[in-house]
Structures are given as C-alpha cells and as structure tokens.
Amino acid sequence: MIFETHAHYEDARFDGDRDVLLEQIHANGISTIVNVASSIETTKKSIRLAEQYEYIYASIGVHPSDVKDLDEENFRWLLQQAEHPKVVAFGEIGLDYYWEKEEKARETQRYWFRRQLQAAWETGLAAIIHSRDAAQDTLTILKEAGERQIPGVIHCFSYSAQMAQEYVRMGYYIGIGGVVTFQNAKKLREVAASTPIERIVLETDCPYMAPEPFRGKRNSSEYLPYIAAKIAEIKGIAKQEVIEVTRRNASRLYHMQE
C-alpha cells in the first residue's frame, strides 16, 4: 500500500472524473493521500475532499506565489482550520523566485513563509516546503526555525545532493516525484542515490509532472509505482521495500498511525 504525500485533486483538471479516479486509485493500492493546499480557496477544497474520503487528508496554507492575497484576517482563519481532525500539515509554503523577480514581492514571500512556519510549530503540524530558485533563502529561514524542530518535507526537491544531505541532517524528509524518471534528471537521481531511504517520501504533485512513460499527460497517484520502481533501481533495493519504508516515513512525518 503506497502513501501519496503530495497531490492536488481539487484541481479543475480532475473535475470530469475525480470521484471515479479516486476510488480506482484507492482500490489499486494507494492507501493514503494528502491533498495539499496552495491558497485559501484550495485549503477549503482540500478539507472538503478529506471530509468526503476516509483515506484523504488535507493540508492548509498558502503557496509563495499566492501570499499577496494573505492578510491577518484570512491567516487567522487558516489557524482555525488547523483544529480540523483531517488536517495534517501546513503547506505548501515556502519561496518561489522563478516567477517573482521583484525584491519587494520576494520579501513578502519570506515574511509569510516565516509566519506559516511559526504557525506549523504552534499547531504541531508538519510543514510542506516549496522552494524554487530560492535555495539559499529557503535554507536560511529553515535554519532559523531549526531550534523549534518543525517536522517537514522539502517537496519536489530540485537542488543538489549536498543540499539534500544538509536538510536530512536538519531532520527533514526529501519529497521525490515523477521527475526522477526523466532522462535528463541526473541531479535528482544523485539525490535519490545519496539520501537514506528512511528520509525519502513519495509524491506526484498531480496533476503536474507525470513520470515516464506518461510525461506530458495528466498525472495522478496511480503512477506512484513508477516512481518507486525508479528509486528502487537507483538504490539497488526491491520496489516493495521502497513502498513500505516510504509509507512508514510519511506516517511519521504527518503523525499518523500506520
């Protein structure tokens, strides 16, 4: 049974077949799904999905590209949602400098990243970290928060193996998805090879980034076995071991019973 640590089933690309697909995925071995929010609206939708399906859990939080919409009122609302029994994480939160080039806007991202990290610590939730083209600032902020020992995962990891080792030393998990199957993903395969299997979790980030041989198509959790198989190949272990160990890792990350 596979644990999907990062999906976006509230996305409009699933509107035509969401219920059928989710039931099919669960019947075919995906035991648990964390549906990850990226805005106030997707936080609401993620919680509704978690209420509808026993095997789906929700995160709450605002993606760095959407923090311009955050204010004290809706931040207080987010904190209230942390009390929901199906909410297991704050995320995805972090920094994204790929699209945002203005320093003032980047400072706003850093401000709300720190605020949401603090909220994760105060509520006892894990943190799902998004970081794109912001390696040093992300590391600096997480080191600042280090003494609070906030459990978390660096989602869709895209940096070097050396940086992955730094995060592992800090206690974070490394989220690996479909990119690891791409022919040009040498850097991520190095990360998968050097990161202990006990610190890796599986994710799709669906509907984005489907693995080979489905690259370019709508992604879903049904493709997680392809990711597990590639990690197994890289590490020279059985696919089933990857599935079992990453499930235990995800259960610890999100403070859930196996």
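The following refers to the structure shown. Nothing here was measured: the structure is a model prediction, and the numbers come from that model. (Residues numbered from 1 in each chain as written. Predicted model: local features only at pLDDT ≥ 70, side-chain atom pairs only at ≥ 80, totals over all residues. Heavy atoms only, no water.)

1. As for the packing of aromatic side chains
- Evaluated as defined, the whole model comprises twelve aromatic pairs.
- Geometrically, the ring pair formed by phenylalanine 75 and tryptophan 112 is tilted, given 5.3 Å between the ring centres and 55 degrees between the ring planes. Remark: tryptophan 112 occurs in helix H4 (residues 103-123) and phenylalanine 75 occurs in helix H3 (residues 72-81); sequence separation between them is 37 residues. Both residues of the pair, phenylalanine 75 and tryptophan 112, belong to the buried class. (Phe/Tyr/Trp six-rings, centres within 6.5 Å; stacked < 30°, edge-to-face > 60°. Helix = DSSP H or I, 4+ residues; strand = E, 2+ residues; numbered from the N terminus. Buried < 20%, exposed > 50% of the residue type's maximum accessible area, 1.4 Å probe, protein only.)

2. Quick look at the layout of surface pockets
- Its boundaries defined by the atoms lining it, the largest pocket holds a volume of some 880 Å³.
- Lining the largest pocket we find 35 residues, and of these His130, Arg132, Cys156, Asp205 and Met209 sit closest to its centre.
- Contributing elements (two or more residues each) for the lining of the largest pocket: strand S4 (87-96), strand S5 (126-132), strand S7 (173-176) and helix H7 (186-194).
- At three residues, S5 tops the list of elements feeding residues into the lining of the largest pocket. (1 Å grid on protein atoms, 1.4 Å probe; cavity = no way out; pocket = protein on both sides within 12 Å on 5 of 7 lines; lining within 4 Å. Points joined across faces, edges and corners; volume = space filled by probe spheres on them.)

3. Examining the pairing of strand S2 (residues 30-35)
- Where burial is concerned, most of S2 is hidden: six out of the six residues are buried.
- The parallel pair strand S1 (residues 2-7) and S2 is bridged by helix H1 (residues 18-27), and the resulting crossover is right-handed.
- Both S2 and strand S3 (residues 56-60) contribute to a ladder of three bridges, which runs parallel. Note on S3: the bridge partner recorded for isoleucine 33 is isoleucine 56. (Right-handed = clockwise from strand over helix to strand, strands pointing away. Pairing = 2+ DSSP bridges.)

4. Comments concerning the environment of glutamate 10
- Positionally, glutamate 10 belongs in the loop between S1 and H1.
- Of the residues examined, glutamate 10 reaches a relative accessible area of 11% and is grouped as buried.
- Considering only alpha carbons, one finds glutamate 10 and glutamine 165, 155 residues apart in sequence, at a separation of 33 Å.
- Apart from residues lying up to four places away in sequence, glutamate 10 is in contact with Arg18, Asn35, Val36, Thr42, Lys45, Ser46 and Leu49.
- Engagement of the side chain of glutamate 10 in a polar contact is seen with the side chain of asparagine 35, the distance being 2.8 Å. (Contact = heavy atoms within 4.5 Å. Polar contact = N/O pair within 3.5 Å; in protein donor to acceptor, adjacent residues only side chain to side chain.)

5. Regarding the environment of tyrosine 98
- Inspection of the secondary structure assignment puts tyrosine 98 in the loop between S4 and H4.
- For tyrosine 98, a relative accessible area of 34% gives the class partly exposed.
- For the pair tyrosine 98 and proline 85, spaced 13 residues apart in the sequence, the C-alpha separation amounts to 34 Å.

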